[in-house]
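# Reading the structure
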Amino acid sequence: MTTDTRPKLASARFRASLSESSTAGSKEVTVLGIAKGAGMIHPQLATLLVYLSTDVDASPRELQTLLREACDDSLNCISIDGDTSTNDTVLLLASGASGARVRDVRTRKKLSAALTAVCQSLAEQIVSDGKACST
C-alpha cells in the first residue's frame, strides 16, 4: 500500500449465458479490482497501480476496448488537489474460466457495465484516500 492509508478493492458479478441458446444455461462472471497509489498523486512522483481481473473469455483486443471505455469514464477523470498522475498502470486480465464469451452481445454489455462500476468505485476510493493522505 506504500503511502495509501487503506486498501482499495471493488468487485462486481453478473450472470451470463454460455451460448446464444437460452437452454445452454448461464454462469456467474466476476470482475475484481485492486488499486494503490493515492498518496503518490503529485507531479513527478506518481505511481497509480490498478489490477483488474475477470473470469470471462475474451481476446486482448476485446479487453483493451472495454478497459479503455471503463477508464475514460472513471480513472481518467480523477485528480487530487489538481495533481494528475504521470506513471499509471491499469491492467485487465481474463482467465476464461467462467466459459462466458465477450463475443455474446449481452455478455459484452454486462461486462462493460461491471468493469465500469469496478473502475468507478476504485477511482472514488483513490480520491477519498488521496484527500486523507494530503491532510
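Below: a short report on this structure. On a predicted model such as this, the values are computed, not experimentally measured, just so you know.

On to the overall build of the protein chain. Along the backbone of the protein chain there are two helices and four strands. Counting helices and strands in the order they occur from the N terminus, the protein chain gives β-β-β-α-β-α. A burial count over the protein chain gives 39% of its 135 residues as buried. Considering only residue pairs separated by 6 or more positions, the protein chain has 76% of its internal contacts joining residues 24 or more positions apart. Accessible surface for the protein chain amounts to roughly 7,300 Å². Of this, 52% is attributable to carbon and sulfur atoms.

What follows deals with the state of the cysteines. Note: disulfide means a covalent bond formed between the sulfur atoms of two cysteine side chains. Taken as a whole and assessed by the stated rule, the structure comprises zero disulfides. In this structure Cys77 is not part of a disulfide, and its nearest cysteine sulfur, from Cys71, lies 9.8 Å away. A residue is classified by how much of its surface remains accessible, and Cys77, at 55% relative accessible area, is exposed. Between Cys119, a cysteine without a disulfide, and Cys71, which holds the nearest cysteine sulfur, the sulfur-to-sulfur distance is 4.8 Å. Look at Cys119 and you get buried, because its relative accessible area is 0%.

All right, on to the side chain of Thr107 then. Counting through the fold element by element, Thr107 comes out in helix 2 (residues 105–134). Residue class for Thr107 comes out buried when judged on its relative accessible area of 1%. Not counting residues up to four positions away in its chain, the partners in contact with Thr107 are Phe14, Ala16, Ser17, Val56, Ala100, Arg101 and Val102.

This paragraph deals with the pairing of strand 2 (residues 26–36). Across 10 bridges, the pairing between strand 1 (residues 8–17) and strand 2 is antiparallel. Counterpart to Ala12 in the pairing with strand 2 is Val31. In terms of strand pairing, strand 2 meets strand 3 (residues 49–54) through six bridges, oriented antiparallel. Across the sheet, the residue bridging to Lys36 is Leu49, located in strand 3.

Rules used in this analysis
Residues numbered from 1 in each chain as written. Predicted model: local features only at pLDDT ≥ 70, side-chain atom pairs only at ≥ 80, totals over all residues. Heavy atoms only, no water. Helix = DSSP H or I, 4+ residues; strand = E, 2+ residues; numbered from the N terminus. Buried < 20%, exposed > 50% of the residue type's maximum accessible area, 1.4 Å probe, protein only. Contact = heavy atoms within 4.5 Å. Areas by Shrake-Rupley, 256 points an atom, 1.4 Å probe, with all protein chains shown as cover. Disulfide = S-S within 2.5 Å. Pairing = 2+ DSSP bridges.

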